[in-house]
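Residue strings, one per chain:
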Amino acid sequence: MALLSNLDIVNIVDAFPYLEADTKPVGEFSTLYTLLSADSLGTFTQGYIHAPVLEALLRVPVMIRGEITVDEIHRTVLAFTDSTEADRTARIRQTFDHIIGEKEFQGLKKFKGEPSPVFARDNVSIHYSVDRSVTEFLGVMRWGVHMTAYVLDESAPYGMKIWIPRRAATKSYPNMLDNAVAGGIVTGEDPLDGIIREAVEEASLPESLARERIRYAGIVTYIHVGDVLEGCTAGMVHPECHRIFDIELPSDFTPIPREGEVADYQLYTVPEVQAQLASGRFKPNCGLIMLEFFIRHGIVTPENEPNFEEIRRRLHRDLPFPGPHRSVMNE
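Treat the numbers as computed from the prediction; the structure is a model and nothing was measured.

Colleague: Please set out the overall build of the chain residue by residue, giving values where relevant.
Modeller: Along the chain, the regular secondary structure elements total 11 helices and 12 strands. Taken over the C-alpha trace, the chain has a radius of gyration of 20 Å; the compact-globule value for 331 residues is 20 Å, and the two agree within 12%. Buried positions account for 50% of the 331 residues belonging to the chain. Partitioning the contacts of the chain with sequence separation of at least 6, the portion at a separation of at least 24 is 66%. On the chain, roughly 15100 Å² of surface is accessible, and the fraction owed to carbon and sulfur atoms is 51%.

Following this line, the structure appears as structure tokens:
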């Protein structure tokens, strides 16, 4: 296999086409519908859904799913318009509970039990929550946290080494390389609390060490297209926002896998990580997070990366969906 460039790594993850203002998706995405929500100011965009998902929604009895308004000319779908967040959340759950019972989609067999927030127009309030297993079918935002762990080492290139986990053979992307700690954020969870929880659960970091040393480093946003390899339904649209954290660990501390997520941790030099990225050994979105770490730490620069500006821009894609990322992007 040919080696991947840094731009290749971005292209694999940020795979949804970039659209001009007020234009519709084209090519293989031309059949998408835009999922809308409604408030006192009108309607606003929440996600992109495929025609088979809309057809499945419409087959659900109206007393379960509520009224759904489809505009075939503009290819929009207005759904889940109950008056309160709790009612909207309950409506979506009972709708997809019915869809699961009807075995409509091979990739949707049960709920994960992880409520994911879908935000209101103000980018702060929760409009409704959906189980994480449902996000890909509605094409709504997914939220996560990722952390890179490193140790300072004056003898190493760039003065550091990086702790890299290898995913367990039983997980999606088996035996591929990952970020030190990563996970999803559920409704109402603070991202810092989320990454600390994951650090304790996945890498056996003492909570006191995590709280003392973890540093927030910004966000990464992109629109991924689902791949069956990651346990998704092929072609589904995944707009994602990940809060990024770094932690400098003591040189005498070794992360220890817990809960079966990770097979082992190895300490890599920066050139070794770059070689693994180029070889395609990283889980794709984790490779993207690693690339962002290298940019922030002055390892990937305009002087050594000809596509630097495009890469940096696409690591922080402007997403047309509400949520706290909007305020960060506008800072």
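Colleague: Quick rundown of helix α9 (residues 284–296)? Include the residues and the values.
Modeller: Helix length check: α9, at 13 residues, gives a terminal C-alpha distance of 19 Å against a target of 18 Å (1.5 Å per residue), a fit within 8%. Along α9, 11 of the 13 residues are buried, which leaves the element largely enclosed by surrounding structure. Of the positions making up α9, those classed as buried are N285, C286, G287, L288, I289, M290, L291, E292, F293, F294 and I295.

Colleague: Go over the pattern of salt bridges with me, naming the residues and quoting the values.
Modeller: Overall, the coordinates contain 21 salt bridges when judged by the stated rule. Residue E189 pairs with R197 through a salt bridge whose shortest N-O separation is 2.8 Å. The class of E189 is buried, set by a relative accessible area of 18%.

Colleague: Now, about the packing of aromatic side chains: what can you tell me, with residues and values included?
Modeller: In total, this model carries eight aromatic pairs according to the counting rule given. Both rings, one in Y48 and one in F321, keep their centres 5.5 Å apart while their planes meet at 75 degrees; by these two values the pair is edge-to-face. With Y48 in strand β2 (residues 42–49) and F321 in the loop between α10 (308–314) and α11 (325–329), this residue pair connects regions lying 273 residues apart in the sequence. Judged by its relative accessible area of 1%, F321 is buried. Ring geometry for F105 and F137: centres 5.0 Å apart, planes at 45 degrees, overall tilted. Here F105, found in the loop between α4 (85–101) and β5 (115–119), pairs with F137, found in helix α5 (residues 135–138); they are 32 residues apart in sequence, far enough to count as distant. Classification of F105 as buried rests on a relative accessible area of 12%. Here F137 falls in the buried class, since its relative accessible area comes to 0%. Of the aromatic side chains, those joined through ring pairs into one cluster are F16, Y48 and F321. Looking at R317, its charged tip hangs above the ring of Y18, at a distance of 3.6 Å from the centre.

Colleague: How would you summarise the sheet that holds β2 if you had to cite specific residues and measurements?
Modeller: Spatially, the four strands line up as an open sheet ordered β2-β1-β4-β3, and their pairing is mixed. Each edge of the sheet is formed by a strand with only one pairing partner; in this case those strands are β2 and β3 (69–71). Adjacent strand axes in the sheet meet at a mean angle of 25 degrees, parallel and antiparallel pairs treated alike. One ladder, built from three bridges, connects β3 with strand β4 (residues 76–78); its direction is antiparallel. When the sheet's bridge partners are listed, D71 is paired in β4 with T76. Contacts from helix α2 (residues 51–59) reach β1 (33–39), β2, β3 and β4 within the one sheet, and its direction differs from that of β2 by about 115 degrees.

Colleague: Go over the side chain of H146 with me, naming the residues and quoting the values.
Modeller: Relative to the helices and strands, H146 resides in strand β7 (residues 142–152). At 3.4 Å, the side chain of H146 and the side chain of H242 are in polar contact. Those residues in contact with H146 that sit more than four places away from it in its chain are N179, V181, A182, I195, H242, R243, I244, F245, N285, C286 and I289.

Colleague: How would you summarise the nonpolar core if you had to cite specific residues and measurements?
Modeller: Across soluble globular proteins, nonpolar side chains show a tendency to be buried alongside one another. F16, M147, I195, L205, I214 and L249 are the most contacted members of the largest nonpolar core, which totals 36 residues. In terms of residue count, β7 provides more of this core than any other element does, five residues in total. What L205 contacts, discounting residues up to four positions off in sequence, is M147, A199, V200, A210, I247, L249 and F253. Residues L7, I9, I162 and Y222 belong to the second largest nonpolar core, which totals 29 residues.

Conventions we followed
- Residues numbered from 1 in each chain as written.
- Predicted model: local features only at pLDDT ≥ 70, side-chain atom pairs only at ≥ 80, totals over all residues.
- Heavy atoms only, no water.
- Helix = DSSP H or I, 4+ residues; strand = E, 2+ residues; numbered from the N terminus.
- Rg over C-alpha atoms; globule rule 2.2 N^0.38 Å.
- Buried < 20%, exposed > 50% of the residue type's maximum accessible area, 1.4 Å probe, protein only.
- Contact = heavy atoms within 4.5 Å.
- Areas by Shrake-Rupley, 256 points an atom, 1.4 Å probe, with all protein chains shown as cover.
- Expected span 1.5 Å × (residues − 1).
- Salt bridge = Lys/Arg side-chain N within 4 Å of Asp/Glu carboxyl O.
- Phe/Tyr/Trp six-rings, centres within 6.5 Å; stacked < 30°, edge-to-face > 60°.
- Lys NZ or Arg CZ within 6 Å of the ring centre and 35° of its normal.
- Pairing = 2+ DSSP bridges.
- Axes fitted to C-alpha atoms, helices over the stretch in contact; angles between N-to-C directions.
- Polar contact = N/O pair within 3.5 Å; in protein donor to acceptor, adjacent residues only side chain to side chain.
- Core = buried A, V, L, I, M, F, W, Y, C linked by side-chain atoms within 4.5 Å.

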